[in-house]
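# Structural overview
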Amino acid sequence: MKSIIGRKMGMTEVFAKDGTMYAVTVVEVLPNYVLQVKTKESDGYEALQVGFEPKKESRVNSPLRGHFKKANVQPTQVIAEIKGDELMNYKVGDAIKADLFAAGEIIDVIGVSKGKGYSGTIKRYGHKIGPKGHGSGYHRGQGSFANNGRCNNRVLPGKKMSGHHGNKSATVLNLTVVEVNAEKNYILVKGAIPGPRKGIVTLRSAIKTLKNPLATIKELVNYQPKAEPKVEESAADAATKGE
């Protein structure tokens, strides 16, 4: 198992050479620098503390500045922990890059869902709306508060009511990696992932067993222009230009 921290940048679409279109989410995956290695002997569990995205040193307080200096790493915006037995070979100061994953791998994406504010039960839980005509006075209500005939002067726990909606940790399982580019620091994930644009997400190996652990991703179209080979001038050509 392995995992890495990234930032959701938005959605787009890419095409394979045979015309297949993939709707993908672009995740910016800058190098994750290892700040601390946590082991069972010292901390009771195994994990890596990593820093993501550079930050000005003047914006870091003294304790954190010392923590970064000890790891010989530039201060970062985000400090998080990632787990995975495949990561325990990394040492303090090492960089975990986007090529940790490969195209075709199945992953889970963890993020914080978009906040919807205070919402009613129809938006929050998908309840059915009431009649809209014939004098009905019930349209978007919360439904009966009855307690199965018991008069115990309270509402039983678990009643679905209006309240704060969204802004919670959410995990989308079994998504497919379409492309990995370690030079430009991005990973394309097929489908939608939790959170708003610029939100921090964690990409990890899928934890649920699948019959087909690697998906078939067709070769994508490369729109980058090919560099033309440089033609060396002969001595005769150079002499001709000089004349």
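Predicted model only: the values in this text are computed from it and were never measured.

## A few points about the overall build of the protein chain
- The helix and strand tally for the protein chain stands at 4 helices and 12 strands.
- Since a compact globule built from 243 residues should have a radius of gyration of about 18 Å, the 26 Å found for the protein chain marks it as more spread out than a globular shape.
- Reported as C-alpha extents along the three principal axes, the dimensions of the protein chain are approximately 105 × 55 × 45 Å.
- Considering the protein chain as a whole, with its 243 residues, one finds that 31% of them fall into the buried category.
- Here the analysis covers contacts within the protein chain between residues at least 6 apart in sequence; of these, 71% occur between residues at least 24 apart.
- Summing over all exposed atoms, the protein chain offers an accessible surface of approximately 15,800 Å²; the carbon and sulfur share of this is 51%.
- Of the charged side chains in the protein chain, 38 are positive and 23 negative, and the gap between their average positions amounts to 19 Å.

## Quick notes on the sheet that holds strand 5 (residues 76-82)
- Taking strand neighbours across the sheet as the criterion, the 4 strands line up as 5-4-3-6 in an open arrangement whose pairing is antiparallel. Every interior strand has two partners, whereas the edge strands, strand 5 and strand 6 (95-96), have only one.
- Pairing between strand 3 (residues 32-38) and strand 4 (residues 47-54): 5 bridges, direction antiparallel. Note on strand 4: the bridge partner recorded for Tyr33 is Gly51.

## Looking at the environment of Lys8
- In this structure, Lys8 sits in strand 1 (residues 3-15).
- Sequence spacing of Lys8 and Gly199 is 191 residues, and the spatial spacing of their C-alpha atoms is 5.4 Å.
- Apart from residues lying up to four places away in sequence, Lys8 is in contact with Thr25, Val26, Ile193, Pro194, Gly195, Pro196, Arg197, Lys198, Gly199 and Val201.
- Only 2.6 Å separates the side chain of Lys8 from the backbone oxygen of Gly195, close enough to count as a polar contact.

## Quick notes on the sheet that holds strand 12 (residues 200-205)
- One closed barrel holds the 6 strands; their spatial order is 1-2-11-10-7-12, and the pairing between them is antiparallel. Across the sheet, the axes of successive neighbouring strands diverge by a mean angle of 50°, strand direction being ignored.
- As defined by bridge partners, strand 1 adjoins strand 2 (residues 21-28) across 8 bridges and the pair is classed as antiparallel. Pairing of Gly10 across the sheet is with Val26, part of strand 2.

## Let's talk about the environment of Ser162
- Note on placement: Ser162 falls in the loop between helix 3 (121-125) and strand 9 (163-166).
- The sequence separation of Ser162 and Thr121 amounts to 41 residues, and the corresponding C-alpha distance is 5.0 Å.
- Excluding residues within four positions of it along the chain, Ser162 makes contact with Tyr118, Ser119, Gly120, Thr121, Arg124 and Gln142.
- At a separation of 3.1 Å, a polar atom in the side chain of Ser162 contacts the side chain of Tyr118.

## Let's talk about a negative patch on the surface
- A cluster of acidic side chains, namely Glu41, Glu46, Asp85 and Glu86, defines a negative patch on the protein surface.
- With respect to the secondary-structure elements, Glu46 resides in the loop between helix 1 (40-43) and strand 4.
- Classification of Glu46 by relative accessible area gives partly exposed; the value is 40%.

## Here's the deal with the layout of surface pockets
- Computed from the structure, the largest pocket encloses a volume of approximately 350 Å³.
- Of all the secondary-structure elements, those providing two or more residues to the lining of the largest pocket are strand 1, strand 10 (169-181) and strand 11 (186-190).
- Residue composition of the lining of the largest pocket, by class: 7 nonpolar, 3 polar and 4 charged.

## Quick notes on the pairing of strand 4
- With respect to burial, strand 4 is a largely interior element, 7 of its 8 residues being buried.
- The pairing of strand 4 with strand 5 spans 6 bridges and is classified as antiparallel. Residue Leu48 lies in a different strand from strand 5, and its bridge partner there is Ile82.

Thresholds, definitions, all that
Residues numbered from 1 in each chain as written. Predicted model: local features only at pLDDT ≥ 70, side-chain atom pairs only at ≥ 80, totals over all residues. Heavy atoms only, no water. Helix = DSSP H or I, 4+ residues; strand = E, 2+ residues; numbered from the N terminus. Rg over C-alpha atoms; globule rule 2.2 N^0.38 Å. Buried < 20%, exposed > 50% of the residue type's maximum accessible area, 1.4 Å probe, protein only. Contact = heavy atoms within 4.5 Å. Areas by Shrake-Rupley, 256 points an atom, 1.4 Å probe, with all protein chains shown as cover. Lys, Arg positive; Asp, Glu negative; His and termini not counted. Charge placed at Lys NZ, Arg CZ, Asp CG, Glu CD. Pairing = 2+ DSSP bridges. Polar contact = N/O pair within 3.5 Å; in protein donor to acceptor, adjacent residues only side chain to side chain. Axes fitted to C-alpha atoms, helices over the stretch in contact; angles between N-to-C directions. Patch = residues over 30% accessible without salt bridge, like charges linked within 9 Å, V, L, I, M, F, W, Y side chains within 5 Å. Salt bridge = Lys/Arg side-chain N within 4 Å of Asp/Glu carboxyl O. 1 Å grid on protein atoms, 1.4 Å probe; cavity = no way out; pocket = protein on both sides within 12 Å on 5 of 7 lines; lining within 4 Å. Points joined across faces, edges and corners; volume = space filled by probe spheres on them. Nonpolar A, V, L, I, M, F, W, Y, C, P; charged D, E, K, R; others polar.

That's the geometry; what it means functionally is another story.
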